[in-house]
2 protein chains.
Amino acid sequence: VKLRIAEEEYRSRIERVRQRLDERGADRLVLFSAKRIAWLCGYHLLATERPVALIVDKNRASAFVPRLELEAAQSQPLIDEVHHYFEYPGAEPPLKLLANLLRGAKRIIADSDGYPGLWGYEGPRLSELVKAEVKVEPKLIDDLWLVKSPGEIALIRESAKWGALAHRRLQELVRVGMSEIELGLRASYEASKEMLAALGPEYGGHMRGGFPAEAGLISGERTALPHAMSLNRKIQPGDLLITGASADIWGYTSELERTMIVGEPTSEQRRFFEIMLEAQQLGIDRSGPGVPLAEVDRAVHDFLVAQGMEKFLRHHTGHHLGFAPHEPPFIDQNSQGEMQPGQVFSIEPGIYIPGHGGYRHSDTILITEDGVEVLTAYPRDLASLIV
Amino acid sequence: VKLRIAEEEYRSRIERVRQRLDERGADRLVLFSAKRIAWLCGYHLLATERPVALIVDKNRASAFVPRLELEAAQSQPLIDEVHHYFEYPGAEPPLKLLANLLRGAKRIIADSDGYPGLWGYEGPRLSELVKAEVKVEPKLIDDLWLVKSPGEIALIRESAKWGALAHRRLQELVRVGMSEIELGLRASYEASKEMLAALGPEYGGHMRGGFPAEAGLISGERTALPHAMSLNRKIQPGDLLITGASADIWGYTSELERTMIVGEPTSEQRRFFEIMLEAQQLGIDRSGPGVPLAEVDRAVHDFLVAQGMEKFLRHHTGHHLGFAPHEPPFIDQNSQGEMQPGQVFSIEPGIYIPGHGGYRHSDTILITEDGVEVLTAYPRDLASLIV
């Protein structure tokens, strides 16, 4: 697997941006978000209080960076020129220098009106500093990652592969008496080591801390809280576990979650588990190209209501993902639009019983020309998930 | 060590906020940032595309959350009431429901004009939905964390202690042939295990993935890039290493960085190291209560220029920190203001020689009534840092 987006794909992204600027009668794009800059040209930088920007015009992609990013910016193959200031706060606001670079522009599209207030950054709006009209339209970029390219899908697929490995290690390690955080650390560490050994020296250039591959869990009654965070709580016999696993491949991601049970399930646990599993299977079966998002969520919701689960519902069926952990659109009864080939969704209906616990699997699926492909290859049946 | 901010401290924070609202003739505070909500009332939640808000008025602190956060919000001792909506996007924009809760308000101070565009969230501005005047003033909160309380300093001190342990493990593990990421993973894993064993079941309630204690490094010529990210590159004999270590104590943090050398240093390496060390010592010595921030940076800068290092400078001397990795103010020649007792700064002048490598230590210091205290206890001399 080639673990990077190819240069030609970045070139084609920049060309699509130029076309979109043209359609809007705009002559400059200004991006302040490090995530969007990374997506557009492959330059992964650490966003801090020091403002950065990428300017795209008809002929060039130019970076505007603090001195400490200069060499890194200059080494980017897709960036044609680099302008820099020494430091923030500096003798004058860095954005004034950025505004100088935008002289002559008539209509600017920006992802925000000035650099966001990260880590205490303060500064003027871009629209105060330039003569050009400034239109804030983050979706000029974000719309372009709503459908994934083959190059992107390859990285998401790779993420799903290592996420499944991390989950396998987690499942092997679970023992009564180990704590949630300890299990997550150990499984993530083991899986990351294996992943690094396999992927070689090219991997990881955008990482600063954290795990390349990661798996973790919450346990016991707190699984009834969909977004509970891990504690140093020790696993008990009879616990429900809800896990999560993923891997980071140059910013691309996937989502794999499983409900597991410690020891022989009770009949109540079996019943809830089977209802959840059936709901998830329904969500996967109903998905496909041209299917309205709302229809998938409604089918799952109606099934769960018919099973008497209405009071245990806490969220919709799933969300798009791939370059962020969640991306629009959402598989929600109130969403507009249809699933498209190249889109990547989580399918993760859950049921949450206060004082008892929660049940949720999440799988990452790819919408193909003629159906769906589950990217997260990991058993979903109860027998495989008793630990 | 009590590893949490005490309830009475949260109560006093909320009282200070009420006082500040009063001074501004405002009758509501609306916070959308999960970080600010956590700081104000201790409710740590996972921010997603589902909008959340904390509303503070004269009598109550009210949370506005999606259904999946309801029980977690209700269990918060500092939150008096909880309102919720089912799901985003939902049948109508969640912020319309929030606006209903703000009926009767005359003047609202908010940290942003609506929920930020996280993970693809889109929605109306708050100011479009309410009759009240909306003033955006994130600093109403952020100003309150510019000087740390004794309770906060205790957590930052605890962070520094475990950061130093993680760095010790990193230094013990470094071997020629191990990769940057591998070393970081191993050291962070070992240190986190020790930290979890010591801190017990109460630790970790705001964590989702990642390491409680963390250490990592970059190596070789890439140390000349201050914000280079770790690769799977293997350590070589003669390498310069620049490390970083910290630990997360309920959102509080510290910063410890060291320059290390693999094997016997060359005379050139010794010379650069000693200049860097002298500059850092100067930064520490010059710091103290009542000292202008600009003066500290100017002294360090002038010293480095006098040593012939001007062309190797890439950034200022340091920054405030504690509840975020960087916070204002900055130790910069262009900063206004003076250091105050209770402030916590990094002192980290660096020199960066293209094609050779970089030199930077960072320590976290506390400004006291009569001087400074270095919170990051770790050797800084060359002999201790040869590996």
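What counts as what
Residues numbered from 1 in each chain as written. Chains lettered and ligands numbered in written order. Predicted model: local features only at pLDDT ≥ 70, side-chain atom pairs only at ≥ 80, totals over all residues. Heavy atoms only, no water. Pairing = 2+ DSSP bridges. Helix = DSSP H or I, 4+ residues; strand = E, 2+ residues; numbered from the N terminus. Axes fitted to C-alpha atoms, helices over the stretch in contact; angles between N-to-C directions. Contact = heavy atoms within 4.5 Å. Least-squares fit on C-alpha atoms with pLDDT ≥ 70 in both. Parallel < 35°, antiparallel > 145°, perpendicular 65-115°, else oblique. Left-handed = near helix turned anticlockwise from the far one by under 90°. Nonpolar A, V, L, I, M, F, W, Y, C, P; charged D, E, K, R; others polar. Phe/Tyr/Trp six-rings, centres within 6.5 Å; stacked < 30°, edge-to-face > 60°. Buried < 20%, exposed > 50% of the residue type's maximum accessible area, 1.4 Å probe, protein only. Lys NZ or Arg CZ within 6 Å of the ring centre and 35° of its normal. Buried area = accessible area lost by both parts, 1.4 Å probe. Salt bridge = Lys/Arg side-chain N within 4 Å of Asp/Glu carboxyl O. pLDDT = per-residue confidence, 0-100. Polar contact = N/O pair within 3.5 Å; in protein donor to acceptor, adjacent residues only side chain to side chain.

1. Notes on the sheet that holds strand 4 (residues 81–85) of chain A
All names here are of chain A. Here we have 6 strands laid out as an open sheet, ordered 4-3-2-1-5-6, and mixed in their pairing. Each edge of the open sheet carries a strand with a single partner, namely strand 4 and strand 6 (133–136). Here the average twist between neighbouring strands, direction ignored, is 20 degrees. Of the strand pairs in this sheet, strand 1 (residues 28–31) and strand 5 (residues 107–110) are connected by 3 bridges, and their pairing is parallel. Looking at strand 5, one finds that Val30 is bridged to Ala110. Contacting strand 1 and strand 2 (53–56), helix 2 (residues 34–41) runs over the sheet at an angle of about 45 degrees to strand 2. Running at roughly 160 degrees to strand 3 (residues 61–66), helix 4 (residues 94–101) makes contact with strand 1, strand 2, strand 3 and strand 4 of the sheet.

2. Structural notes on the relation of the copies chain B and chain A
When chain B is fitted onto chain A, the two copies agree to an RMSD of 0.0 Å after a turn of 180 degrees and an axial shift of 0.0 Å. Expressed as an axis order, the relation between the two copies is that of a two-fold axis. Nearest to the rotation axis, the C-alpha of B:Gly210 is located 2.5 Å from it, this being the minimum over chain B. Of the interface residues in chain B, 100% have counterparts in chain A that sit at the interface too, so the contact is made through matching surfaces.

3. Re the packing of helix 7 (residues 150–173) of chain A against helix 8 (residues 180–199) of chain A
All names here are of chain A. Where helix 7 meets helix 8, the axes come as close as 8 Å, and the angle between the chain directions of the two elements is 135 degrees. Considering the angle they form, helix 7 stands oblique to helix 8. Regarding helix 7 and helix 8, the two cross each other, and that crossing is right-handed. Residues Glu158, Trp162, Leu165, Ala166, Arg169, Leu170 and Leu173 of helix 7 form the contact with helix 8, whose own contacting residues are Leu183, Gly184, Arg186, Ala187, Glu190, Ala191, Glu194, Met195, Ala198 and Leu199. Its residues placed into classes, the contact of helix 7 with helix 8 shows 11 nonpolar, 1 polar and 5 charged.

4. Thoughts on unusual backbone geometry
Trans is the prevailing form of peptide bonds, just as negative phi is the prevailing case for residues other than glycine. Residues and elements named next belong to chain B. Of note, the bond from Tyr88 into Pro89 is cis; its omega dihedral lies within 30 degrees of zero at 5 degrees. Within the secondary structure, Pro89 sits in the loop between strand 4 (81–85) and helix 4 (94–101). Residue Pro329 is bonded to the preceding Pro328 through a cis peptide linkage, with omega at 0 degrees. By secondary structure assignment, the location of Pro329 is in strand 11 (residues 327–331). Positive phi, normally seen in glycine, also occurs at Trp119, with a value near 50 degrees. Inspection of the secondary structure puts Trp119 in the loop between strand 5 (107–110) and helix 5 (126–129).

5. With respect to the packing of aromatic side chains
All told, the structure shown has 22 aromatic pairs over all chains when counted by the stated rule. Arranged with centres 5.4 Å apart and planes meeting at 55 degrees, the rings of A:Trp145 and A:Phe323 form a pair that is tilted. Placement of the pair is A:Trp145 in the loop between helix 6 (139–142) and helix 7 and A:Phe323 in the loop between strand 10 (318–320) and strand 11 (327–331), with a sequence separation of 178 residues. The pair A:Trp145 / A:Phe323 is uniform in exposure class, with both members buried. Through pairs of rings, three or more aromatic residues link up here, namely A:Phe32, A:Tyr88, A:Tyr115, A:Tyr121 and B:Phe330. In this structure, A:Arg271 packs its charged tip against the face of A:Phe272, placed 5.4 Å from the ring centre. Between the NZ or CZ atom of B:Lys35 and the centre of the ring of B:Phe323, over which it lies, the distance is 3.9 Å.

6. Observations concerning the interface of chain B and chain A
Listed per partner, the contact involves 63 residues of chain B and 63 residues of chain A. Here chain B and chain A share an interface that buries about 5,700 Å² over both sides, 62% of which is from carbon and sulfur atoms. When the buried surface of chain B facing chain A is broken down by residue, B:Trp119, B:His227 and B:Met229 rank first, second and third, together holding 13% of it. Counting the contacts that link chain B with chain A gives 4 salt bridges. A salt bridge links B:Arg314 to A:Glu71; its shortest N-O distance comes to 3.6 Å.

7. As for the confidence of the model for chain A
Scored by pLDDT, chain A has a mean of 95; 98% of the residues are at 70 or more. Across the assembled chains, the prediction reports ipTM 0.93 with pTM 0.95.

8. Describing the pattern of salt bridges
Tallying each qualifying case throughout the model produces 66 salt bridges over all chains. Measuring nitrogen to oxygen at the nearest pair gives 3.4 Å for the salt bridge that ties A:Arg186 to A:Glu190. Within this pair, A:Arg186 and its partner A:Glu190 are both found in helix 8, separated by 4 residues, close to a single helical turn. Judged by its relative accessible area of 31%, A:Arg186 falls in the partly exposed class. Given the relative accessible area of 22%, A:Glu190 is considered partly exposed. For B:Glu87, the salt bridge identified is with B:Arg50, shortest N-O distance 2.6 Å. Separated by 37 residues along the polypeptide, B:Glu87 in the loop between strand 4 and helix 4 and B:Arg50 in the loop between helix 2 (34–41) and strand 2 (53–56) bring together distant segments of the chain. Just as B:Glu87 is buried, B:Arg50 falls in that class too. The network of salt bridges with common partners includes A:Glu23, A:Arg24, A:Lys135 and A:Glu137.

9. Let's talk about the sheet that holds strand 8 (residues 240–247) of chain A
All names here are of chain A. Taken together, 3 strands build an open sheet; the order of strands is 7-8-9 and the sheet is antiparallel. This sheet does not close on itself; its edge strands, each paired only once, are strand 7 (213–219) and strand 9 (259–261). Here the strands of the sheet are splayed against their neighbours by 30 degrees on average, with no regard to which way each runs. Set on the sheet, helix 8 makes contact with strand 7 and strand 8; between it and strand 7 the angle comes to about 160 degrees.

10. Digging into the side chain of B:Glu257
Residue and element names in this part refer to chain B. Relative to the helices and strands, Glu257 resides in the loop between strand 8 (240–247) and strand 9 (259–261). A polar atom in the side chain of Glu257 sits 2.6 Å from the side chain of Arg360. Apart from the residues lying within four places of it in its own chain, the contact partners of Glu257 are Thr243, Gly244, Glu348, Arg360, His361 and Ser362.

11. Digging into the environment of A:Gly357
With respect to the helices, strands and loops of the structure, A:Gly357 is situated in strand 14 (residues 357–360). Residues A:Gly357 and A:Glu221 lie 136 residues apart in sequence; the distance between their C-alpha atoms is 4.4 Å.

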